[in-house]
Amino acid sequence: MIRSIGIWWTEVWAQFAPELRWRVCAALLFLCVLAVGEACVRLYAQSAQAEAHTDAAVVLGQAQARVESELGSLLYLSSGLSAYFTLNADRLDAGEVTELFALLYADSEHVRNFGLAIGYVLEYVYPEAGNSSAVGLDYRKLPRQYEAVQQAINSGRPTLSPLLDLAQGGQGVIYRAPIFRQGEYWGLLSTVIDIRGLLLDVFADPAFRDLSIAVRDDGPGGSVMWGDAALFTAPDRPLLVSDFGWEYVAQPQVEPKTIVTLWTLRGLSAVLALSLAFSLYMGLQHREDLIRMSQEDTLTGLANRRRLDERIRQGLHQLRVHGRNGFILIFVDLDGFKQINDGMGHRAGDAVLAEVAHRLITLCRDADLPARWGGDEFAIFLTANVQQPVESVLSRFGTVFDRPVNFNGTSIIVRGSIGYALAPADGLTEQELIAAADRRMYSQKSGRPRLHSVSRDTQA
């Protein structure tokens, strides 16, 4: 089966012109080399992307550590303040609370304000400027605030809110620390943190400036506190989650030199593919020229004896294996050619051979193969035509001798003998067919009287 497919493909491939075959081979090589080059480029790109991903994850971890370190210091401050109020709840007065808030506020860059509620009513707010209207606020009358307060009270631990729109304007997060006395809820310390200002200060650091970072809280829908929200939906991004439940994501940055390297590799791949394809094309073309030269008679341009032998063997193989139609082998021998060479010189003889070859070509079909057998003998391989008898074929090729050959103003009369062999009627081997055609040719030659081959034309 495989052998049959191989034979079939060989025959189909042989139907294409050599020039087209070599172009197809060169194009396939070009595409293959280009594909291999692109695969290598992609591997390099994936490696560079993985390295950029790792670098981004490292920097993102450093950024997270910085943010939470800054935030932790604020929360620690608030926790300490809450402990103080727990111990001194019975001795607090307005002046002491205000003084304590003012002292801590001066040392806390990103605190917007402090608030102290006794029970559920906000009694103290610092700074008062812009926040005085909040004094006397009862959390129980504000459902959303009250829910967050109750969550802190019920957990018994401080809680950090998601990003909120503040009543005094802007946005921030609130750190709520419940205060208990003898196991009973006493009050609530609230620290409003300017989280955007804190993040701005951290990410202004040159270590993080070149990396696109986004941060969002763990509230409903995840409010984005910093950066582009689209980074959270983009694939293959390093993502970190903090102890507060906040998410940090970064956009890996591929270095410009990596992009230049990728396009350089693509260009080199294309140049290599083009060079190899061109070299293959030229090599195959040169090989075809050598083959053609080895199978072509240099004087007449006809096929030489070697090529004719191959064609005969091919025809016999197709006849035996595939049962295809037979073929006709015709031999043509010039009569009196030696007289032309002796009387007019070898240039005249060459001119006669070239002209006879040209006439034979014009009488052949595309599927036929005219060849120079050797010396002054020619042979033609003709594909069989059942509608045309052999006598008609011989008569057609006999017209080669109807006209003289003109050489330097001299008309050279050319005569010849024609023999033929029919395959498979006259044999199933190359030797049998050649012998049959040769025999008929010499039979015709021996029965023809000798004629003069040269006549002189007078030129004015």
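This is a predicted model, so every value here is computed, not measured.

### Considerations on the sheet that holds strand β9 (residues 239-241)
Backbone-to-backbone hydrogen bonds pair the strands of a sheet. The strands run either parallel or antiparallel.
Okay, step 1: Strand order across the open sheet formed by 4 strands is β8-β7-β10-β9, with antiparallel pairing between neighbours. Looking at which strands have only one partner, the edges of the open sheet turn out to be β8 (224-226) and β9. In this sheet, adjacent strand axes meet at a mean angle of 25° when their direction is disregarded.
Okay, step 2: Inspection of the sheet shows strand β7 (residues 212-216) paired to strand β10 (residues 247-251) by 5 bridges, in the antiparallel sense.

### Some thoughts on the layout of surface pockets
Okay, step 1: In this model, the second largest pocket occupies a volume close to 1,100 Å³.
Okay, step 2: In terms of lining residues, the second largest pocket is bounded by 37 residues, among which Gln145, Ser161, Leu164, Ile174 and Arg176 are the most central.
Okay, step 3: Mapped onto the lining of the second largest pocket, the elements with two or more residues apiece are β1 (111-118), β2 (121-126), α4 (143-155), β3 (159-160), β4 (164-165), β5 (171-181) and β6 (184-193).
Okay, step 4: Of all the elements, α4 adds the most residues to the lining of the second largest pocket, at 5 residues.
Okay, step 5: A class-by-class count of the residues in the lining of the second largest pocket yields 18 nonpolar, 14 polar and 5 charged.

### A word on the packing of aromatic side chains
Okay, step 1: This structure, assessed with the given rule, holds 12 aromatic pairs.
Okay, step 2: For the ring pair Phe180 and Tyr185, a centre distance of 6.2 Å and an interplane angle of 70° mean the geometry is edge-to-face.
Okay, step 3: Owing to a relative accessible area of 26%, Phe180 belongs among the partly exposed residues under this scheme.
Okay, step 4: Their ring planes at 45° and their centres at 5.8 Å tell us that Phe244 and Trp246 sit as a pair that is tilted.
Okay, step 5: Residue classification places Trp246 among the buried positions, given a relative accessible area of 1%.
Okay, step 6: Three or more aromatic residues link up through ring pairs in this structure, and these residues are Tyr84, Phe85, Phe101 and Phe114.
Okay, step 7: Between the NZ or CZ atom of Arg216 and the centre of the ring of Phe232, over which it lies, the distance is 4.1 Å.
Okay, step 8: When the ring centre of Tyr420 is taken as origin, the NZ or CZ atom of Arg440, which lies over that ring, is 4.3 Å away.

### So, helix α8 (residues 305-321)
An α-helical turn contains 3.6 residues, so any two residues separated by three or four positions project in the same direction.
Okay, step 1: The end-to-end C-alpha separation of α8 is 24 Å, in line with the 24 Å expected for 17 residues at 1.5 Å each.
Okay, step 2: Along α8, the positions that sit buried rather than exposed are Leu308, Asp309, Ile312, Gly315, Leu316, Gln318 and Leu319.
Okay, step 3: Buried residues along α8 sit against β11 (327-335), β12 (369-374), β13 (377-383), β16 (415-423) and α12 (430-446).
Okay, step 4: At the exit of α8 stands Gly323, carrying a positive phi of roughly 65°.

Thresholds applied
Residues numbered from 1 in each chain as written. Predicted model: local features only at pLDDT ≥ 70, side-chain atom pairs only at ≥ 80, totals over all residues. Heavy atoms only, no water. Pairing = 2+ DSSP bridges. Helix = DSSP H or I, 4+ residues; strand = E, 2+ residues; numbered from the N terminus. Axes fitted to C-alpha atoms, helices over the stretch in contact; angles between N-to-C directions. 1 Å grid on protein atoms, 1.4 Å probe; cavity = no way out; pocket = protein on both sides within 12 Å on 5 of 7 lines; lining within 4 Å. Points joined across faces, edges and corners; volume = space filled by probe spheres on them. Nonpolar A, V, L, I, M, F, W, Y, C, P; charged D, E, K, R; others polar. Phe/Tyr/Trp six-rings, centres within 6.5 Å; stacked < 30°, edge-to-face > 60°. Buried < 20%, exposed > 50% of the residue type's maximum accessible area, 1.4 Å probe, protein only. Lys NZ or Arg CZ within 6 Å of the ring centre and 35° of its normal. Expected span 1.5 Å × (residues − 1). Contact = heavy atoms within 4.5 Å.

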